[in-house]
Amino acid sequence: MFGLNPKDARLLIIVAIMVVAAPVLLNPFPEGSNLAQFNAGYPDLMQRFVIFGIFAIGFNILFGLTGYLSFGHAAFLGIGSYAAIWMMKLLTMNIIPGIIVSVIVAGVFSLAVGWISLRRSGIYFSILTLAFAQMCYSLAYSVLTPITGGETGLQPKVNDPRILDAATNDGVVPKTNLFGLEMTSSTEIVMGGWVFTLNAGYYVAALVMLISFYISIRIFRSPFGVMLRAVKSNQQRMNYTGLNPKPYTLAAFVISGMYAGLAGGLMVAMDTQAGADRMFWTASGEVVLMTILGGVGTLIGPVLGAGAIKYMENILSKINKDILHQWFALLPDGLEDVIVALIYPFVGKGWHLTLGLLFMLVVIFLPGGLVEGGQRIAALFKRKRKPEDARSGKSTEPAE
Amino acid sequence: MGILEVKNVNKRFGGLQALGDVNLSVAENTCHAIIGPNGAGKSTLLNCLVGKLIPDTGSVMFDGQSVLGRSPHEINQMGISRVFQTPEIFGELSVMENMMIPCFARRDGAFRMHAYKDAGAERDIIDRAESVLEDLNMIDKREMTASSMSRGDKRRLEIAMCLAQEPRLLLLDEPTAGMARADTNNTIDLLKRIKAERDITIAIIEHDMHVVFSLADRITVLAQGTPLVEDTPDKIKGHPKVREAYLGEAA
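An unreviewed UniProt entry annotates chain B as Amino acid/amide ABC transporter ATP-binding protein 1, HAAT family of Poseidonocella sedimentorum.

In the nomenclature of an unreviewed UniProt entry, chain A is known as Amino acid/amide ABC transporter membrane protein 2, HAAT family of Poseidonocella sedimentorum. Quoted straight from UniProt, the Subcellular location (unreviewed entry) entry for chain A says "Cell membrane".

Pasting the structure below:
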């Protein structure tokens, strides 16, 4: 299907179903219940899941396939955001031009940065990309204030030209839209105690994510993808096999930069503001964490990693002391205080501590990331099932 | 006029004259061995042929064209493939993928952005890779991860990868170094068969005299960066200068 082998096609279909059903799947707890705060099915967070998923998918094309660890990819995300917001200020609040231009601008920038950084490999390459990203951040924060808005960042204003849009006289900034469909528009479905929010912006971002995911599968399985893995494996052999690793690596760098730009553009389309903070080095580090946490070089890993980190960032960080006390209210007073004191450092503002621990556990025990964890669990089930099958005389097909 | 002509090549590393006035002519469709004691400049000479080093003076012509100043991948595309002392393969990739890469290099050149195709549907590439694997009795290992194979199989794979490109000149840098006797004999048999069945010129650097005398049509003895003598294996065996410089007085 779509030129994919059956296994990849199945993965794509599963991801598509999950993405479409996400507003329901991520809201397993009824509204108003104690556990409702673990619901992640609200538009803001779901948009972040898929947008950072795109960012991580693109990063994985560079890091997972070629092994070149860029520490400056947030710069391309930020540049994409600025490009998109300028399109919204100058042309139209329709998101299409903004997203296209953000991809192109990020591609051009990554071509320049990659051209220079790829003269070195290993740690020197990482440092070069980090230096570029920090330069971009500093420039956006100070010198380039007329273009980037400096500290305050950029938002669409009422009196922006927007030459393609019809004039509005009501003094309100128009909302981003896709040919009239506003990104913020939502439909709420109430079923018993549950409330599911179907948001237009989320589905637009999700569609873009599915397309990005499909393209990444195609790249992984293409001759070009084989060459990128060859770059990671043995550049010496590549050279002596008549292949030039440089343009391959640069192409991977530009593609992943364009993915980052796309994510940046989508971010602006969903939430119309852009600031320099998006380019800070911690943001570059975050996408590295996402990719490693999910599984470097796997197809679905980066998406899972992005989801896991964004979930913790938004859900764990909201648990405060009062909520903890409420949970353990049934325990005797002294014990309750002890348990709350033990758990508190790991939630709320301390969620980074949980992330750090999880990251350590994954790197030490599951070097293949969450994907490897999933595979091990699947293998465990298979082993358990086999003796039963043998008894009943059935043979199982290998799960390919 | 040989397919490979090395003329007056000098290479100096600081105070060390690694190569001094090396002249070498390798005739087409022969196997030419270069032997010499450690530090004789064999590897330096090889590196000058494949673009890893550039000689200070002199010329290296392959099939009438100079290779000097070209990068390794350009020289490979001219028709020179190299086998390394320790097998250089794509360890993390499967044997089949290892074989497909040189096939792509041969068909598409040094770089082609074919990201929209499915590598598994490139029939001509797969057929070519499989035919070489079959020829070298490795077809049953096609799904194995290359790094998990034995030393001998890695060497065999590396040779297969070179053959898939149909090079005109195959350079072998101590192809049996560190191998068990059985693996060495297998490699010799394989190289003999390649020589007999294909239109290919082989230049080999080797320490193991057993390997050299079973394969070479001509032998050049290198000592202290200079060719001492060049002749047929039989003559080399009895040559007094060679005995003195290389095989040692005891021989």
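We now examine the overall build of chain B. In terms of regular secondary structure, chain B is built from nine helices and ten strands. Over its C-alpha trace chain B gives a radius of gyration of 19 Å, about what one expects of a compact globule, namely 18 Å for 251 residues. In terms of overall dimensions, chain B has C-alpha extents of about 60 × 40 × 30 Å along its principal axes. Split into buried and exposed, the 251 residues of chain B put 54% on the buried side. A sequence separation of at least 24 residues applies to 66% of the contacts in chain B between residues at least 6 apart. With the model as given, the accessible surface of chain B reaches about 10500 Å², and the carbon-plus-sulfur share is 48%. When the 30 basic and 36 acidic side-chain charges of chain B are each reduced to a single mean position, those positions are 3 Å apart.

Time to look at the nonpolar core. One finds Phe213 of chain A together with Met99 and Leu157 of chain B to be the most contacted residues of the largest nonpolar core, which totals 153 residues. Considering each element in turn, this core owes the most residues, 16 residues, to helix 10 (residues 245-270) of chain A. Of the domains in this structure, domain 1 (1-79 + 167-251) and domain 2 (90-166) of chain B are the two that each give at least three residues to this core. Formed by 28 residues, the second largest nonpolar core is a distinct cluster that contains Val6, Leu24, Leu45 and Met78 of chain B.

Further remarks concern the interface of chain A and chain B. The parts lose accessible area when they come together, and the size of an interface is often stated as this lost area. Each side of the interface is counted separately: chain A has 26 residues, and chain B has 37 residues. Taking both sides of the interface into account, the surface hidden between chain A and chain B amounts to around 2700 Å²; carbon and sulfur atoms contribute 61%. Applying the counting criterion to the chain A and chain B interface returns two salt bridges. Across the salt bridge formed by Glu97 of chain B and Arg229 of chain A, the nearest N and O atoms sit 3.1 Å from each other. Taken together, chain A and chain B are joined by 18 residue pairs in polar contact (both at pLDDT 80 or more). The set of elements that each furnish at least two residues to the side of chain A that touches chain B consists of helix 7 (200-221), helix 8 (223-233), helix 9 (235-239) and helix 10 of chain A. Of the residues contributing to the side of chain A that touches chain B, the split by class is 13 nonpolar, nine polar and four charged.

A word on the sheet that holds strand 8 (residues 201-205) of chain B. Residue and element names in this part refer to chain B. What the six strands build is an open sheet, ordered 6-7-8-3-9-10; its pairing is mixed. Looking at strand neighbours, the two that pair on one side only are strand 6 (80-83) and strand 10 (226-231), the edges of this open sheet. For this sheet the average axis-to-axis angle between neighbouring strands, irrespective of direction, equals 20°. Sitting on the sheet, helix 1 (residues 42-50) touches strand 3 (31-35), strand 6, strand 7 (169-173), strand 8 and strand 9 (218-223), and the angle it makes with strand 7 is about 150°.

To continue, consider the pattern of salt bridges. A side chain of one charge can pair with a side chain of the opposite charge when the charged atoms of the two come close. In the structure shown here, the tally under the stated rule is 31 salt bridges over all chains. The salt bridge involving Lys310 of chain A is made with Glu313 of chain A; its shortest N-O contact spans 3.0 Å. Of this pair, Lys310 of chain A and Glu313 of chain A both sit in helix 12 (residues 301-315), three residues apart, which is roughly one turn of the helix. The class of Lys310 of chain A is buried, set by a relative accessible area of 3%. One salt bridge connects Arg193 of chain B with Asp135 of chain B, and the closest N-O pair in it is separated by 3.3 Å. Within this pair, whereas Arg193 of chain B is found in helix 6 (residues 181-197), its partner Asp135 of chain B is found in helix 4 (residues 123-135), the two being separated by 58 residues in sequence.

Rules used in this analysis
Residues numbered from 1 in each chain as written. Chains lettered and ligands numbered in written order. Predicted model: local features only at pLDDT ≥ 70, side-chain atom pairs only at ≥ 80, totals over all residues. Heavy atoms only, no water. UniProt positions renumbered as here; feature names shortened; annotations may be inferred. Helix = DSSP H or I, 4+ residues; strand = E, 2+ residues; numbered from the N terminus. Rg over C-alpha atoms; globule rule 2.2 N^0.38 Å. Buried < 20%, exposed > 50% of the residue type's maximum accessible area, 1.4 Å probe, protein only. Contact = heavy atoms within 4.5 Å. Areas by Shrake-Rupley, 256 points an atom, 1.4 Å probe, with all protein chains shown as cover. Lys, Arg positive; Asp, Glu negative; His and termini not counted. Charge placed at Lys NZ, Arg CZ, Asp CG, Glu CD. Core = buried A, V, L, I, M, F, W, Y, C linked by side-chain atoms within 4.5 Å. Domains from an automatic or database assignment. Buried area = accessible area lost by both parts, 1.4 Å probe. Salt bridge = Lys/Arg side-chain N within 4 Å of Asp/Glu carboxyl O. Polar contact = N/O pair within 3.5 Å; in protein donor to acceptor, adjacent residues only side chain to side chain. Nonpolar A, V, L, I, M, F, W, Y, C, P; charged D, E, K, R; others polar. Pairing = 2+ DSSP bridges. Axes fitted to C-alpha atoms, helices over the stretch in contact; angles between N-to-C directions.

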